[in-house]
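Summary of structural features
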Amino acid sequence: PILYSLSISRSYQRCFDYRSWGGLEILIGKYFKADHIDAVDINLDIINILTGKNANDPNSKVYSSFTSSDVNTKVSFHNQEGRSFLSKNVSGKYDIVQLTGVDLFSALASGGMILSENYLYTQEALGYYYDALKAGGYMQICYWGGPYALRLFTTSLEMLKAKGIEIPECSAVVVGDDVNMTNIIIKKGLFSESEVVEIEKTCADDSFEVLFAPYMNIDSAVYTSWGDISTKDYLLASRNKSRETLIDSLIYNVMPTHDDKPFFYSVLRCSGKGDSVFKNILTSFFQNKIVLALTVIGIILSFMLILLPLIVARIKSNHTPQIPFGILPFFGIVGLAFSLIEVVVLQKFAIFVGGPFYSMCIVLPTILISYSLGALFATKLKVSGLGLLVISIGGIILYSFLGYLFFDEVFRGFFYLNYLQRILLAIAAISPLGFFIGFPVSVALEAVKGETDGRAVPWLWSINSCANVVGALLFVPISQTIGFNLLLLVSGCLYVIALFFLLPYIQIFRIRQ
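Read on for a plain summary of the structure. (Residues numbered from 1 in each chain as written. Predicted model: local features only at pLDDT ≥ 70, side-chain atom pairs only at ≥ 80, totals over all residues. Heavy atoms only, no water.)

**What about the nonpolar core?**
In a soluble, globular protein the nonpolar side chains are often hidden away together inside. Core analysis: the biggest nonpolar cluster contains 68 residues, and Ile 327, Phe 331, Phe 349 and Tyr 495 have the highest contact counts within it. Elements with a contribution of two residues or more to this core: α13 (289-317), α14 (328-350), α15 (356-380), α16 (385-413), α17 (419-451) and α18 (457-502). In this structure, Ala 125, Phe 212, Tyr 234 and Ile 247 belong to the second largest nonpolar core, which totals 45 residues. (Core = buried A, V, L, I, M, F, W, Y, C linked by side-chain atoms within 4.5 Å. Buried < 20%, exposed > 50% of the residue type's maximum accessible area, 1.4 Å probe, protein only. Helix = DSSP H or I, 4+ residues; strand = E, 2+ residues; numbered from the N terminus.)

**Concerning α14**
If you check α14, its first and last C-alpha atoms are 34 Å apart, about what 23 residues at 1.5 Å a residue would give, namely 33 Å. With 20 of its 23 residues buried, α14 lies for the most part within the structure. (Expected span 1.5 Å × (residues − 1).)

**Observations regarding unusual backbone geometry**
With the exception of glycine, most residues fall at negative phi, and the peptide bonds are largely trans. Backbone geometry places Lys 33, a non-glycine residue, at a positive phi of 60°. With respect to the helices and strands, Lys 33 occurs in the loop between α2 (24-31) and β2 (36-40).

**Here's the deal with the pattern of salt bridges**
Throughout the structure, instances matching the rule amount to 8 salt bridges. A salt bridge links Asp 131 to Lys 163, with the nearest nitrogen and oxygen atoms 2.8 Å apart. Of this pair, Asp 131 sits in helix α7 (residues 123-131) while Lys 163 is found in the loop between α8 (147-162) and β6 (172-176), placing the two residues 32 residues apart along the sequence. A salt bridge links Lys 348 to Asp 408, with the nearest nitrogen and oxygen atoms 2.7 Å apart. In this pair, Lys 348 sits in helix α14 while Asp 408 sits in helix α16, placing the two residues 60 residues apart along the sequence. (Salt bridge = Lys/Arg side-chain N within 4 Å of Asp/Glu carboxyl O.)

**As for the sheet that holds β2**
Spatial ordering of the open sheet is given by β3-β2-β1-β4-β5-β7-β6-β8, a layout of 8 strands whose pairing is mixed. The strands lining the two open edges of the sheet, one partner per strand, are β3 (74-78) and β8 (209-212). With direction set aside, neighbouring strand axes in the sheet form an average angle of 20°. Relative to β8, helix α9 (residues 193-205) is tilted by about 135°, and along the sheet it contacts β5 (133-144), β6, β7 (181-187) and β8. (Pairing = 2+ DSSP bridges. Axes fitted to C-alpha atoms, helices over the stretch in contact; angles between N-to-C directions. Contact = heavy atoms within 4.5 Å.)

**Topic: the environment of Phe 414**
The residue Phe 414 is located in the loop between α16 and α17 in this model. For the pair formed by Phe 414 and Ser 87, sequence separation is 327 residues and the distance between their alpha carbons is 9.3 Å. The contact partners of Phe 414, leaving out residues within four places of it in the chain, are Phe 352, Arg 422 and Leu 425.

**A word on the packing of α7 against α8**
Describing two packed helices takes the angle between their axes plus the distance from one axis to the other. Interhelical geometry of α7 versus α8 gives an angle of 65° and a closest axis separation of 9 Å. At the point where α7 passes α8, the crossing takes the right-handed sense. The residues of α8 that touch α7, namely those facing Gln 123, Leu 126, Gly 127 and Tyr 130, are Leu 152, Thr 155, Ser 156, Glu 158, Met 159, Leu 160 and Ala 162. When the residues that make up the contact of α7 with α8 are grouped by side-chain class, the tally is 6 nonpolar, 4 polar and 1 charged. (Left-handed = near helix turned anticlockwise from the far one by under 90°. Nonpolar A, V, L, I, M, F, W, Y, C, P; charged D, E, K, R; others polar.)

By themselves, these figures tell us nothing about what the structure is for.
Rendered as structure tokens:
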């Protein structure tokens, strides 16, 4: 499948190959005598295999000889996330940008990734790949067929539209084979009739079919299923400028994906036009059977773990600890809000710091450490309890609002920084949020200590922890509906709601100080 984009451009100098398919694209690029191939893969083990640095394989040098540089082609390997790599390189650099089947079809077919986010195929990611092309260059994405291919294609067309291409369909060609592999070719420019003819000729020689192309005769279009429609129907809708109407009418959700809603694999339609946000969230929740089951189990276990200590205390001492029941909703709401904010920040910074693994290693410790410092300082500062809450919750709301408005723009603006600079910037950007989030729970626990004998503090902390678990489980169906940015703002507002349950105890906190 990789041959199609290469066969159009007979003379080219530089190629970008993201997630080398065992070195196959490198071999093809060398066959066509590309001057330079940049092979980028986030998996260091793959790079070690391709470069002969796998110490456990005695034959690695034999294999690596095929993927190393030769007299015609220089091959450079880069252990980075694709978008992160391209952000540090000059736009308009490549003749070919290639992405080939970076997912496992077995996992995809089993539904194992339906809850996973994917930043490879969002409109913003495709925009980075597109910007890396020279004028007249080609981007090819090889992917499995069905609704996933259709979603990827609609996202590609939406990206072209956002780049100012008046008729995006004239810059796209789709090719498929009899094993359900789809190849989407995007040109930085408009396809000519001669290019389409050459693609059709190549397809005829290799048992492929042109599924979608400019200048294509609709009557001769191949009837291939894309989810619950045929490519012929899609081609006809594009010619009639009714593509959006057709997409809205489908059983599957093939709307373009964005960094704010990167759930590429979730193709079950969870909402309809005119439905309320709350209904859409509930629909998404009940359609995700895994989330539904885990949430039910989590709620049941949470109630058991919350009630069990009270029962044991009652049996052992014939009385329960002094519990200010009016403050219980505060710990539940704050626990839920903290979990939602934490996961949103992890997701938003994943691309900026180079991938989800680095986000877990950098963002999560930063949040937890700054949270701990905030909780510590809340009891040390000579400020009234109400003053502390106004400062902290005001800071959380301000951060959430600014994040809702400017997170994406800030990330794009600072993508040019080197890796260390981005890590330091991420730590500096996250620390204030974690610091402010640490205040409310600390103030509440001090208030409880002032009114009771303190034995209820661990129990109230467990309520907060159980709400953390439930919040993490609810994150996917909520974010699928409203997106990460709006969820960040909503989570900040939850702290304001929680404040009303804590206000009666502020005077107690002041006396204790």
